[in-house]
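Structural features, examined
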Amino acid sequence: MRFAIASFFIMMSITSAAQTDIDGIMMEKNALCIGPMFGYSSWKNYWEGTLKRENLNLGTVSTQMYSVMGNYGITKKLNVLFGLPYVKTKASAGQLNGQEGVQDLSLWVKWKPMTAKLASGRLSYILIGGFSCPVSDYTADFLPMSIGLESKNLSMRAMLDYQRGSWFATVSGTYVRRSNIKLDRNSYYTTEMHYTNEVKMPDAVAANIRAGWRDKGLIAEAVFDGWNTLGGFDITRNNMPFPSNNMDMKRIGFNFKYDMPFYRQLSLTGNVMTTISGRNVGQATGFNAGIFYVIDFTKKKKTDSKGDKK
Amino acid sequence: MKKIFIPIILSTVLLNACNKDLVETNLQYPSLQPASLDINAGTWKPILLTGPTEFPVAAPIATTTPDYIAQVNEIKTWQANLSKEEKNLVNYWSAGAVLRWNEIMRQLVAKHNIPPYQNADGTYPIPNANNPLAYPQFPFANPPYASRAYAYVAAAEYDALVAAWYYKKLYTRLAPYKVDPTIPSLIPQSDLPSYPSEDAVVAGVVGEMMKLLFPGDQDFIQQKIEEHKKARLIAGANVRSDLDAGEALGKLVAQKFVTRARGDRAGAAVGSLAIQTQFEQDCITRNEIPWISQESPKRPGMLMLFGRVKTWLFDSVTMVTTIRPPAPPSTSSQKFKDELEEIRHLSTSLTTEQRRIAHFWADGISTPTPPGHWNQIAAEDFVKQNFSEVRWARNMALLNMAMMDAAIVCWDAKYVYFNPRPPQMNNTIKTVTGLPNFPSYTSGHSTFSAAAATILGHIIPSNATKYMDMAKEASLSRMYAAIHYRSDCEKGLESGNKVGGYAIARAITDGAE
């Protein structure tokens, strides 16, 4: 799911391999997969515009995240998902106070309108519409210590998933429409002065490619993702970051999900991600881990469905 | 397939539904229509000029001469073919010359208000006015630097406009739209004589002052000057000879202020490590704990000799004997420990409202600084007062001379007492804005704000309570941010009030009231 696991400033997914908004897996009808996750990421270097640097007055900036996420199958082809993280930031050097609080609530509708056989494999087409908005009054105007960017986001994602045997690959592209945000001050400078408390947040596009092994008990996959802000400005020399900076990044990582062999409602998920290039973002590396549980609300099937839910 | 595309179309509509365009306060300002022409402003007391005729302005050519008629035709040629951009330019500048140039100043301050990055050996480079575009660019427009820039420009504008008003009344050449009624005026008409042009006077002053204050931004400033003059021509408000005479007068008056600036000791304000060590030793000799930079690598204190810069509203003896605040609570006293504990407690228990206040008044790097913030506050209220340009300049000069003197008074206290900041004394204290790199006592925000609130309350008495409440809030914001003790804030407000009092003393004797 997409959490501001603070790949510096940006809301980016540090994705677990459970059913999420970013993978090609659907929940069965009337089944709910839900569980807690913990995430940690940190960066010491960041890109000031395109210049990579460290900041002795920040040291290492770390972000911890505790979240609850869930996925419910309305039908096998139509799922709804949610995520709600609590985020805490900290700098190891300097005087800046960290922020902590409940960040943004995310909701998605995931729809798989079409599956087709293709070259002895199965190709699925999936559409995911998302919405997220802050649920506490944190401030985005305190980067890099802010826990989020405050904008309300609408996202539209198109995804193709291909599975052949136990091997699979998923690609998706996302457009993120971001609302303007409001600062606690009534003027601010970007590349010119603005006399308003409102900041125009540029939209963004994201791409995600993942591939690996997927069968009933285990998912193991390599992930590449990219985020590109469509506009915004660069951090000037030795300046502080600002929410409407032109934040771009590319990351690689690895995910797994493992179903407990003797109790298959329960699964463990884990993820590691690292940033390989960026602009106006931190070079973050992080991991997360979660435990998920499947509750089946279907009354008629009592015994034979456990293994098929995930 | 159709059902696949319906959600795509729907979401595209949804994604583009909300308009993101900003409504910016300063672009909503109406055209300036002064409540009074202040036609006798030529008799007001200038700041540096010996009198309004120190720089003579030649008599204008008669409106019946072929030369004048040619100048009127220049306006007509422009007006025959106006683009949307040109109309926007006219509207933008019609809000007022002093106002718009004040905004431009604030933008330049914000652009340059970023501390230089360290050298490889852990020292810090100092911006060089003779090589302003090399890194670190000149200037580092920190709060004292900014207060001085705002003050010089405003004071020079005022003197130049007093002179301009003297000659306007003397020559009484009317605006082109009055001379030739076939010229439509694109802005509200005025009976104020148009020679020399008050707009060009202001542009001339600022253009000249900025060579000193923002030497690396000349292309931007010259472009604004050209746009400003063009806007006046297009509007039918000035002929070229109005503009030329105004700009020339503005430049001459500015020279007088440039000369003062070159000798006001600000050039030496950056100090040196040897000077800083001396302040430190003096503090230790008094059995007090000295301030230490909390930056890494340690950065020399900001403009450590700014307290010795030449003041506007009182002399240096008055400053030391009458205005300098008493010593802060001793770092070994119980009162100091109590005040430190108060900040530690605040920093761990901020309410949402307190945090909002800390951010609203942060005025840190990449902002127009606290003096710029007060210029914004003043400008927004002055717009509603319909002041003439000369009264705008006079009020801005009073405000900004007060704030520059407040900076001098505050910086004097900071380095004389060399008092440590809360996070130095207790490293568990974390701040909600950047920790300023200079000693704690007294609070700059408090001093600036009280000085500004006092003189603004005199200029617009109906707002006096509001301004003082704002100053107190600005002062408290520094405690919420965990970067100042209560004594810093309270004594800062007191000395700011005193400085503001000197500005009022000038205001009631300058002939404008």
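The structure presented is a predicted model; accordingly, all values stated were derived computationally and were not measured. (Residues numbered from 1 in each chain as written. Chains lettered and ligands numbered in written order. Predicted model: local features only at pLDDT ≥ 70, side-chain atom pairs only at ≥ 80, totals over all residues. Heavy atoms only, no water.)

**Quick notes on the overall build of chain B**
Basically, it comes down to this: Elements are defined by DSSP. Helices are runs of H or I of four residues or more, strands are runs of E of two residues or more, and each kind is numbered from the N terminus. Computation of the radius of gyration draws on C-alpha atoms, with the globule rule given as 2.2 Å multiplied by the number of residues to the power 0.38. Burial here depends on accessible area, computed with a 1.4 Å probe over protein chains only, as a share of the maximum for the residue type. Under 20% is buried, over 50% is exposed, and the range in between is partly exposed. Contact definition: two residues touch when any of their heavy atoms are within 4.5 Å. All accessibility values rest on the Shrake-Rupley procedure with a 1.4 Å probe; residue burial counts only the protein chains present in the view. Just so you know, the count uses Lys and Arg for positive and Asp and Glu for negative, and it drops His and the chain ends. Each charge is placed at NZ for Lys, CZ for Arg, CG for Asp and CD for Glu.
Scanning chain B from N- to C-terminus turns up 19 helices and 0 strands. Taken against the 2.2 N^0.38 rule, which gives 24 Å for 513 residues, the C-alpha radius of gyration of chain B at 25 Å falls within 12% of a compact globule. Projected onto the principal axes, the alpha-carbon positions of chain B cover approximately 85 × 80 × 50 Å. Looking at chain B as a whole, 60% of its 513 residues are labelled buried. Taking contacts inside chain B between residues at least 6 apart in sequence as the whole, the part at least 24 apart equals 84%. Summed over its atoms, the accessible surface of chain B is roughly 19,700 Å², and 57% of this surface lies on carbon and sulfur atoms. Across chain B, 50 positive and 48 negative side-chain charges occur, with their mean positions spaced 3 Å apart.

**Here we look at the pairing of strand 9 (residues 104-118) of chain A**
Residue and element names in this part refer to chain A. What counts, and what does not: When DSSP finds at least two bridges between two strands, those strands are taken to pair.
As paired strands, strand 7 (residues 78-91) and strand 9 are joined by 6 bridges and run antiparallel to one another. Its bridge partner being in strand 9, Asn-79 is matched across the sheet by Lys-110. Note: strand 9 against strand 10 (residues 121-134), 13 bridges, orientation antiparallel. Considered in strand 10, the bridge of Ser-106 is made with Ser-132. The turn linking strand 9 back onto strand 10 is made up of 2 residues, and Ala-119 within it adopts a positive phi angle of 45°.

**What about the packing of helix 15 (residues 389-417) of chain B against helix 17 (residues 444-459) of chain B?**
Residue and element names in this part refer to chain B. Let me state the cut-off plainly: Only the stretch in contact is used when a helix axis is fitted, and all axes are lines through C-alpha atoms; the angle between N-to-C directions ranges over 0 to 180 degrees. Throughout this description, any angle smaller than 35 degrees is read as roughly parallel, any larger than 145 degrees as roughly antiparallel, any in the 65 to 115 degree range as roughly perpendicular, and the remainder as oblique. Note on convention: the crossing is left-handed when the near helix lies turned anticlockwise from the far helix by less than a right angle, right-handed when the turn is clockwise. Amino acid classes used here: Ala, Val, Leu, Ile, Met, Phe, Trp, Tyr, Cys and Pro are nonpolar; Asp, Glu, Lys and Arg are charged; the rest, including Gly, are polar.
Following both chains from N to C, one finds helix 15 and helix 17 inclined at 155°, their axes separated by 8 Å at the closest point. Here helix 15 is positioned roughly antiparallel relative to helix 17, judged by the angle of their axes. Remark: the crossing between helix 15 and helix 17 carries right-handed chirality. Each of Asn-395, Leu-398, Leu-399, Ala-402, Met-403, Ala-406, Ala-407, Cys-410 and Lys-414 in helix 15 lies in contact with helix 17, whose residues at this interface are Gly-444, Thr-447, Phe-448, Ala-451, Ala-452, Ile-455, Leu-456 and Ile-459. Among the residues forming the contact of helix 15 with helix 17, the class breakdown is 13 nonpolar, 3 polar and 1 charged.

**Points about the pairing of strand 19 (residues 248-259) of chain A**
All names here are of chain A. Looking at chain direction, strand 18 (residues 218-229) and strand 19 are connected through 11 bridges and run antiparallel. When the sheet's bridge partners are listed, Ala-222 is paired in strand 19 with Phe-254. Bridge count between strand 19 and strand 20 (residues 266-279): 12 bridges; the pairing is antiparallel. Of the residues in strand 20, the one forming a bridge with Arg-251 is Thr-275. The antiparallel pairing of strand 19 with strand 20 creates a hairpin that spans 6 residues between the two strands.

**A word on the pattern of salt bridges**
A side chain with one charge may pair with a side chain of the opposite charge, provided their charged atoms come close. The following threshold applies: Each salt bridge in this description consists of a side-chain nitrogen of Lys or Arg and a carboxyl oxygen of Asp or Glu lying within 4 Å of one another.
Taken as a whole and judged by the stated rule, the model has 44 salt bridges over all chains. As a salt-bridge pair, Asp203(A) and Lys20(B) come within 2.5 Å of each other at their nearest N and O atoms. In this pair, Asp203(A) is assigned in the loop between strand 16 (198-199) and strand 17 (204-214) and Lys20(B) in the loop between helix 1 (2-15) and helix 2 (66-79), connecting two distinct chains. Comparing Asp203(A) with Lys20(B) shows no difference in burial state: the two are buried. It is possible to trace a salt-bridge network through shared partners that takes in Lys168(B), Glu198(B), Asp199(B) and Arg232(B).

**Quick look at the nonpolar core**
Definition in use: In this description, a nonpolar core means a group of buried Ala, Val, Leu, Ile, Met, Phe, Trp, Tyr and Cys residues linked to one another through side-chain atoms lying within 4.5 Å.
Of all hydrophobic cores here, the largest spans 142 residues; its most connected members are Met209(B), Phe214(B), Trp312(B), Trp374(B) and Trp392(B). Not counting the four nearest positions on each side in its chain, Trp392(B) is found in contact with Leu32(B), Val98(B), Leu99(B), Ala379(B), Phe382(B), Val383(B) and Phe387(B).

**A short note on the environment of Ala93(A)**
All names here are of chain A. As for its position among the elements, Ala-93 is in the loop between strand 7 and strand 8 (100-102). Measuring from C-alpha to C-alpha, the distance between Ala-93 and Thr-60 comes to 7.2 Å, with 33 residues separating the pair along the chain. With residues up to four places along the chain from it excluded, the contact list for Ala-93 reads Leu-56, Asn-57, Leu-58 and Gly-59.

**A look at helix 13 (residues 352-360) of chain B**
Residues Gln354(B), Arg355(B), Ile357(B), Ala358(B), His359(B) and Phe360(B) constitute the buried set of helix 13 of chain B. Those residues of helix 13 of chain B that are buried are in contact with helix 12 (334-348), helix 14 (369-385) and helix 18 (464-480) of chain B.

**Concerning the side chain of Lys168(B)**
Within the secondary structure, Lys168(B) is located in helix 5 (residues 143-171). Lys168(B) has contacts with Leu192(B), Pro193(B), Ser194(B), Tyr195(B), Pro196(B), Ser197(B) and Glu198(B), leaving out every residue within four places of it along the chain.

**Some thoughts on empty space enclosed by the protein**
Applicable threshold: Cavities and pockets were defined on a 1 Å grid built from protein atoms only: a cavity is a group of points that admits a 1.4 Å probe but offers it no way out, a pocket is an open group of points flanked by protein on both sides within 12 Å along at least five of seven lines, and a lining residue is one with an atom within 4 Å of any such point. Grid points are joined across faces, edges and corners, and a volume is the space filled by probe spheres set on the points.
What the rule picks out here adds up to 12 cavities of 30 Å³ or more. What the second largest cavity holds in volume is close to 80 Å³. If you trace the second largest cavity, you find it lined by Arg185(A), Ser187(A), Tyr188(A), His359(B), Phe360(B), Ala362(B), Asp363(B), Thr367(B), Pro368(B), Gly372(B), His373(B) and Gln376(B). Mapped by element, the contributors of at least two residues to the lining of the second largest cavity are helix 13 and helix 14 of chain B. With 3 residues, the top contributor of residues to the lining of the second largest cavity is helix 14 of chain B.

**Re the packing of helix 5 of chain B against helix 7 (residues 198-213) of chain B**
Residue and element names in this part refer to chain B. Following both chains from N to C, one finds helix 5 and helix 7 inclined at 150°, their axes separated by 9 Å at the closest point. In the crossing of helix 5 with helix 7, the sense of the turn from one axis to the other is right-handed. The residues of helix 7 that touch helix 5, namely those facing Tyr-145, Arg-148, Ala-149, Tyr-152, Val-153, Ala-156, Glu-157, Ala-160, Leu-161, Ala-164, Trp-165 and Lys-168, are Glu-198, Val-201, Val-202, Val-205, Val-206, Met-209, Leu-212 and Leu-213. Residues belonging to the contact of helix 5 with helix 7 are distributed by class as follows: 16 nonpolar, no polar and 4 charged.

**Some points on the environment of Leu49(B)**
Residue and element names in this part refer to chain B. Structurally, Leu-49 is set in the loop between helix 1 and helix 2. When the C-alpha atoms of Leu-49 and Gln-222 are compared, they prove to be 26 Å apart, with 173 residues separating the residues in sequence. Setting aside residues no more than four positions away along its own chain, Leu-49 makes contact with Glu-54, Phe-55, Asp-159, Ala-163, Val-253 and Lys-256.

**Thoughts on the packing of aromatic side chains**
Here is the rule we go by: Stacked, tilted and edge-to-face are the three classes applied to pairs of Phe, Tyr and Trp rings, where Trp contributes its six-membered ring and a pair requires centres within 6.5 Å; stacked means planes under 30 degrees apart, edge-to-face means over 60, and tilted covers the rest.
Under the criterion given, the structure shown has 30 aromatic pairs over all chains. Relative to Phe418(B), the ring of Trp291(B) has its centre 5.7 Å away and its plane inclined at 85°; by these criteria the two rings are edge-to-face. Residue Trp291(B) is located in the loop between helix 10 (273-285) and helix 11 (316-323), and its partner Phe418(B) is located in the loop between helix 15 and helix 16 (422-425); the two are separated by 127 residues in the primary sequence. Taking relative accessible area as the criterion, Phe418(B) reaches 0% and is therefore assigned buried. Each residue in the set Phe38(A), Tyr40(A), Tyr66(A) and Phe287(A) is aromatic and connected to the rest through ring pairs, giving one cluster.

**Structural notes on the confidence of the model for chain A**
Close inspection of predicted coordinates is inappropriate in any region flagged by low pLDDT. Formally: Every residue is assigned a pLDDT by the predictor, reflecting its confidence on a scale from 0 to 100.
When the pLDDT values of chain A are averaged, the result is 89; 90% of them are 70 or greater. The low-confidence segment residues 302-310 of chain A, where pLDDT is below 50, has 23 contacts with residues more than four positions distant or belonging to other chains.

**Points about a nonpolar patch on the surface**
Residue and element names in this part refer to chain A. Applied cut-off: Exposure above 30% relative accessible area and the lack of any salt bridge qualify a residue for a patch; like charges then connect within 9 Å, and the nonpolar side chains Val, Leu, Ile, Met, Phe, Trp and Tyr within 5 Å.
Among the surface-exposed residues, Leu-218, Phe-254, Phe-256, Tyr-258, Leu-268, Val-272, Phe-287 and Ile-291 lie close enough to one another that they form a single nonpolar patch of about 640 Å² accessible area. Of all the secondary-structure elements, those providing two or more residues to the nonpolar patch are strand 19, strand 20 and strand 21 (285-296). A total of 3 residues in the nonpolar patch trace back to one element, the largest contributor, which is strand 19. Take Ile-291: it is sitting in strand 21.

**Quick notes on the side chain of Ser487(B)**
Residues and elements named next belong to chain B. Tracing the backbone shows Ser-487 in helix 19 (residues 486-507). When its relative accessible area of 7% is taken as the criterion, Ser-487 is described as buried. Contacts of Ser-487, omitting those with residues within four sequence positions, involve Pro-329, Lys-335, Glu-339, Tyr-441 and Gly-492.

**Regarding helix 19 of chain B**
Residue and element names in this part refer to chain B. This is how it is decided: To estimate the expected span of a helix, subtract one from its residue number and multiply by 1.5 Å.
For helix 19, with 22 residues, the first-to-last C-alpha span of 31 Å sits near the 32 Å given by 1.5 Å per residue. Along helix 19, the residues that are buried comprise Ser-487, Asp-488, Cys-489, Gly-492, Leu-493, Ser-495, Gly-496, Val-499, Gly-500, Ala-503, Arg-506 and Ala-507. Of the surrounding elements, those touching the buried residues of helix 19 are helix 5, helix 11, helix 12, helix 15, helix 17 and helix 18.

**Focus on the interface of chain A and chain B**
Spelled out, the test is: Summed over both partners, the accessible area lost on bringing two parts together, with a 1.4 Å probe, is the buried area.
Facing the 46 residues of chain A at the interface are 52 residues of chain B. Of the roughly 4,300 Å² buried where chain A meets chain B, counting both sides, 55% is carbon and sulfur surface. Interface area lost by chain A to chain B is led by Gln95(A), Arg177(A) and Tyr195(A), which between them contribute 19%. Among the salt bridges present, the one from Lys200(A) reaches Asp21(B), with a minimum N-O distance of 3.3 Å.

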